[in-house]
Each structure stands twice: as C-alpha cells, then as structure tokens.
Amino acid sequence: MHKVTLIKGDGIGPSIMDEAVKVIDASGAKIEWEEAYAGMSAFEKFETPLPDDTMISFDKTRVAFKGPLTTVVGTGFRSINVALRQKYELYANVRPAKSWEGVKTRYDDVDIVIVRENTEGLYSGLEHYLTSKKDIAESLAVVTRSGSQRVIEYAFKYARDNNRKKVTVCHKANILKYTQGIFLDVARETAARYPDIQFDEKIVDAACMHMVMNPQQFDVVVTTNMFGDILSDLTAGLVGGLGLIPGANIGDDAALFEAVHGSAPDITGKNLANPAAVIMAGVMMLNHLGEFDAAKRIKTAIEKVVNEGRYVTPDLNPQSKVGTKEMGDAIVGAMA
Ligand code: NAD
C-alpha cells in the first residue's frame with residue numbers, strides 16, 4: 001500500500017480531484033489517501049494556507065497528489081505552490097504536452113516535454129518595495145550553478161531514459177548575462193556529457209515563435225522557472241488546452257503531482273472542469289510509485305474517452321453537455 005497525501009485544493013480542485021481519486025481507486029492501484037489541506041480553503045478553515053498537519057503528512061508520505069491552489073493576484077499570502085516546491089526541493093517540474101488523436105488542433109504531431117526549474121529564478125520569493133510610498137519595487141532572480149545543474153541533469157537523463165532524441169535549452173542569456181548565463185553554461189557543459197542526445201539552444205522569445213510555427217522541432221525543453229511556467233501554457237494551447245496537461249514536481253526524496261492549470265474561478269461550480277489533466281497527473285504518480293499496470297490501464301481508458309470525444313467536457317467539444325463527474329464515470333467505464 002502506498003500512502004499519498006491528498007490535497008483537493010481550491011476552485012474546481014475538489015470536483016476534479018474527486019474524479020481522479022475515483023478513477024485511481026478503480027484502477028486497482030494500492031493507494032491509501034491521507035487527506036490534507038492547503039491554499040485558500042485551508043486559510044478559510046484553519047486561518048493558515050499551509051497547516052502543520054499538511055507538512056507532517058507530506059514529510060511522512062513524500063508523495064502528494066494536489067489540486068490547484070488559488071493565489072490572490074498582487075496581495076495576500078505567498079504562493080503555497082512555490083512554498084511547497086522550495087521546501088521539499090521539488091526542483092524539476094515535468095510538463096508533457098502531446099497531441100491527442102481525437103482533439104482537433106492546428107497540429108496533430110506535437111510531443112514536447114517541458115522540464116522547468118522549479119525552486120529559484122524569478123520565483124525565488126525575494127521581492128520588496130524600495131520606498132515607503134510603495135512606488136518602486138524589485139524582484140531578485142536567483143540562479144545557482146547547483147540549482148541549474150540538478151534540473152538540467154534531470155532533463156538529459158529524462159531524455160535518455162525515455163528514448164527522446166533532443167534537449168533544447170531556452171534562455172535569455174543575451175540580456176540577463178549572469179543569471180541566465182549560468183543556466184546556459186551549465187546546459188552546454190551537461191550536453192557535452194550526453195553525446196547521444198542532440199542539443200540545441202534558443203533564446204526564449206524566439207523559442208515561442210518557433211514553438212507556434214514549427215513545434216515538431218522541440219522534444220525535451222529545459223528552462224528556468226518563469227520561462228517554463230509560460231512555455232508550458234503555450235504547449236498546452238498547442239494540444240487542446242489546459243484541461244489536458246499534467247505536471248510532476250520531482251525532487252530527490254519527494255514528489256508532488258498536479259495539473260498545470262489553476263483553480264479556474266471562471267468555471268468553478270458550473271460542472272465544466274475537465275478532470276483529464278489531474279487524472280493524467282495521477283498516471284504520472286502511479287508510474288513514479290511503480291504501479292505500472294494501473295497507470296497503463298488509466299492512460300488507455302482516458303485516451304479512449306478523449307479520442308472518442310463523446311463523454312468529454314465542453315473545453316474539448318463545445319457541443320458537449322457532459323460534466324466533470326460524467327467524464328470521470330466514462331473513464332472508469334472505459335477501464336472495465
Ligand atoms: P487557470 O489555469 O485556473 O485558468 C485559465 C483558463 O483555463 C480559464 O479560462 C479556465 O476556465 C481554463 N481551465 C483551467 N483548468 C481547466 C479545466 N480543468 N477544464 C477546463 N478549463 C480549464 O488560470 P488562472 O485563471 O490564471 O488562475 C486562477 C488561479 O489559479 C490563480 O489564483 C492562480 O494563482 C492559480 N493557479 C494555481 C496553479 C496551481 O495550483 N498549480 C497553477 C496555475 C494557477
């Protein structure tokens with residue numbers, strides 16, 4: 001039995017996480033869920049967005065399955081997502097985007113894995129006002145050689161282990177010569193140790209244009225924190241949207257699995273949220289836990305449902321009247 005810390009999260013979180021848990025339980029995987037709280041819902045319940053009990057659970061299980069957490073724009077508490085990634089040193093954020101046969105998009109052959117540095121860069125949390133009038137502010141982007149090394153090494157190893165051919169580093173070292181320069185230097189040094197993997201470097205703005213016009217040239221992409229955050233929404237858009245993209249936050253001795261998307265306040269409570277992204281995150285978690293058969297069963301079922309296009313939420317088929325729960329039921333049904 002694998003113990004997993006389950007955080008349902010905010011907004012659409014509880015509704016999609018209930019479906020994901022239902023699908024994982026039906027797959028035969030041996031999971032014992034330990035429910036914990038974080039984010040806005042935890043704040044409302046316990047007056048803290050990250051209660052001690054949640055950390056105690058994650059300290060013990062070292063594996064978490066998490067719904068999206070709301071972070072208020074501009075004010076309020078610091079992002080709990082960022083805090084968890086930093087505290088547990090979940091340095092590699094792996095976000096795969098692959099075309100689906102049944103989802104109509106501009107391209108039908110996209111297969112890109114973004115590996116985003118997840119603990120430093122511009123999301124280091126070092127931000128402050130310089131004046132009492134709060135009319136000047138600064139943010140510090142911290143990039144370390146060791147932090148760059150571990151995520152870039154992860155990306156190359158991931159490419160090798162998963163039969164991928166190429167790693168592209170996306171950077172902005174032409175302007176940010178020191179911070180981005182360290183990241184690029186480490187990427188070049190690491191590439192030299194992986195002669196079997198093709199290496200490419202692209203300045204991030206040009207990379208965006210290339211990704212939109214010719215996404216087939218990208219395979220594994222490794223990049224710093226904020227660029228990875230942005231590029232992975234771009235790749236989501238190439239394959240059918242945020243309702244389909246899972247993410248794994250990987251450290252040396254802990255891992256957290258979630259969708260790339262957020263708490264989607266615009267569709268909360270409307271039975272419109274697509275549970276596929278968190279269910280695919282569940283597949284990544286099951287593979288991490290060695291539950292390969294259950295992972296394969298769910299992946300096959302979800303591909304069947306999404307590619308058929310009948311029991312899917314309206315983000316995938318605007319004519320559809322199918323809701324979150326019905327799509328979850330269809331995935332469970334497809335496993336039978
Ligand atoms: P969002 O990802 O929540 O939503 C962006 C758009 O995608 C919206 O139109 C939404 O309706 C749609 N969408 C998202 N998930 C969907 C799903 N499963 N099915 C169908 N449509 C879906 O981004 P946002 O609106 O910019 O952010 C809302 C909140 O989420 C913010 O507080 C933000 O900080 C937080 N957030 C959290 C995480 C996380 O917990 N990992 C990630 C991103 C954003």
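Procedures and definitions
- Residues numbered from 1 in each chain as written.
- Predicted model: local features only at pLDDT ≥ 70, side-chain atom pairs only at ≥ 80, totals over all residues.
- Heavy atoms only, no water.
- Buried < 20%, exposed > 50% of the residue type's maximum accessible area, 1.4 Å probe, protein only.
- Helix = DSSP H or I, 4+ residues; strand = E, 2+ residues; numbered from the N terminus.
- Pairing = 2+ DSSP bridges.
- Right-handed = clockwise from strand over helix to strand, strands pointing away.
- Expected span 1.5 Å × (residues − 1).
- Arc of directions from axis to C-beta.
- Contact = heavy atoms within 4.5 Å.
- Polar contact = N/O pair within 3.5 Å; in protein donor to acceptor, adjacent residues only side chain to side chain.
- Domains from an automatic or database assignment.
- Buried area = accessible area lost by both parts, 1.4 Å probe.
- Salt bridge = Lys/Arg side-chain N within 4 Å of Asp/Glu carboxyl O.
- UniProt positions renumbered as here; feature names shortened; annotations may be inferred.
- Near = heavy atom within 4 Å.
- Areas by Shrake-Rupley, 256 points an atom, 1.4 Å probe, with all protein chains shown as cover.
- Nonpolar A, V, L, I, M, F, W, Y, C, P; charged D, E, K, R; others polar.
- Core = buried A, V, L, I, M, F, W, Y, C linked by side-chain atoms within 4.5 Å.
- Axes fitted to C-alpha atoms, helices over the stretch in contact; angles between N-to-C directions.

1. Some details on the pairing of strand E8 (residues 166–171)
Successive side chains on a regular strand alternate, one facing one side of the sheet and the next facing the other.
Here's step 1: Burial runs high along E8: 6 of the 6 residues are buried.
Here's step 2: Of the two faces of E8, the one holding Lys166, Thr168 and Cys170 and the one holding Val167, Val169 and His171 are both buried throughout.
Here's step 3: Looking at chain direction, E8 and strand E9 (residues 198–203) are connected through 6 bridges and run parallel. Residue pairing for E9: Cys170 is matched across the bridge by Lys202.
Here's step 4: In this fold, the crossover linking E8 to E9 by way of helix H6 (residues 179–192) has right-handed handedness.
Here's step 5: Here 4 bridges tie E8 to strand E10 (residues 220–223), and the two strands are oriented parallel to one another. Bridged to Val169 within E10 is Val222.

2. Here we look at helix H11 (residues 324–335)
Think of an α-helix as turning once every 3.6 residues; residues three or four places apart then point the same way.
Here's step 1: When the terminal C-alpha atoms of H11 are compared, their 17 Å separation across 12 residues agrees well with the 16 Å that a helix rising 1.5 Å per residue should span.
Here's step 2: Within H11, burial applies to Thr324, Met327, Gly328, Ala330, Ile331 and Met335. The buried residues of H11 occupy an angular sector of 160° when projected down its axis, which confines them to one face.
Here's step 3: Of the surrounding elements, those touching the buried residues of H11 are helix H1 (13–26), helix H9 (276–288) and helix H10 (292–308).

3. A few points about the environment of Ser232
Here's step 1: Along the polypeptide, Ser232 turns up in helix H8 (residues 225–239).
Here's step 2: Each C-alpha atom of the pair Ser232 and Arg95 lies 6.7 Å from the other, and the pair is 137 residues apart in sequence.
Here's step 3: If near-sequence neighbours (up to four positions away) are discounted, Ser232 is found in contact with Arg95, Ile114 and Val260.
Here's step 4: Among the polar contacts made by the side chain of Ser232, one reaches the main-chain carbonyl oxygen of Gly228 at a distance of 2.8 Å.

4. Examining the pairing of strand E2 (residues 31–36)
Here's step 1: Of the pairings in the sheet, the one linking strand E1 (residues 2–7) to E2 comprises 6 bridges and is parallel in character. Each bridged residue has a counterpart across the sheet, and for Thr5 the counterpart in E2 is Glu34.
Here's step 2: Once the chain exits E1 it traverses H1 before rejoining the sheet at E2, and the crossover so formed is right-handed.

5. Some points on the domain arrangement of the protein
Here's step 1: Taken as a whole, the protein is organised into domain 1 (1–90 + 248–336) and domain 2 (106–239).
Here's step 2: On a C-alpha basis, the centroid separation for the pair domain 1 and domain 2 is 25 Å.
Here's step 3: Counting from both sides, the interface comprises 9 residues of domain 1 and, opposite them, 10 residues of domain 2.
Here's step 4: Each partner contributes to the roughly 730 Å² buried at the junction of domain 1 and domain 2, and carbon and sulfur atoms together form 43% of this total.
Here's step 5: The tally of links between domain 1 and domain 2 comes to 1 salt bridge.
Here's step 6: We note a salt bridge from Arg150 to Glu89, for which the minimum N-O separation is 2.6 Å.
Here's step 7: Put simply, the parts of the chain that give the side of domain 1 that touches domain 2 at least two residues each are helix H4 (80–87) and strand E11 (246–250).
Here's step 8: The biggest single contributor to the side of domain 1 that touches domain 2 is H4, with 3 residues.

6. Quick notes on the UniProt feature "domain: Isopropylmalate dehydrogenase-like" (unreviewed entry) in the protein
Here's step 1: Here, the residues flagged by UniProt with the feature "domain: Isopropylmalate dehydrogenase-like" (unreviewed entry) are residues 3–331.
Here's step 2: End-to-end, the C-alpha atoms of residues 3–331 are 24 Å apart, and along that stretch the chain is 40% helix and 19% strand.

7. Brief notes about the site of the ligand
Here's step 1: What surrounds the ligand is a group of 21 residues, the closest being Leu69, Thr71, Gly262, Ala264 and Asp266.
Here's step 2: Contacts to the ligand include Ser263, whose backbone N or O atom sits 3.0 Å from an oxygen atom.
Here's step 3: About the coverage of the ligand: the protein hides 70% of its 810 Å² of free accessible area.
Here's step 4: Partitioned by chemical class, the residues of the shell around the ligand number 9 nonpolar, 7 polar and 5 charged.

8. Notes on the nonpolar core
Here's step 1: Membership of the largest hydrophobic core comes to 71 residues, with the highest contact counts inside it found for Phe65, Phe257 and Met327.
Here's step 2: Composition of this core by domain shows at least three residues from each of domain 1 (1–90 + 248–336) and domain 2 (106–239).
Here's step 3: Aside from chain neighbours lying at most four places away, what touches Phe257 is Val63, Ala64, Phe65, Lys66, Gly247, Ala248, Ile250, Ala281, Met284, Met285 and His288.

9. A word on the sheet that holds E1
Here's step 1: What the 10 strands build is an open sheet, ordered E2-E1-E3-E12-E11-E4-E5-E10-E8-E9; its pairing is mixed. Here the strands that pair on one side only, and so sit at the sheet edges, are E2 and E9. Between one strand and the next, the sheet's axes are offset by a mean angle of 25°, whatever the strand orientation.
Here's step 2: Against the sheet, helix H5 (residues 145–161) contacts strand E4 (92–98), strand E5 (111–117), E8, E9, E10 and E11, and its axis sits at roughly 160° relative to E5.
Here's step 3: Strands in contact with H8 are E4, E5, E8 and E10; relative to E5, the strand with the most contacts, it is inclined by about 160°.

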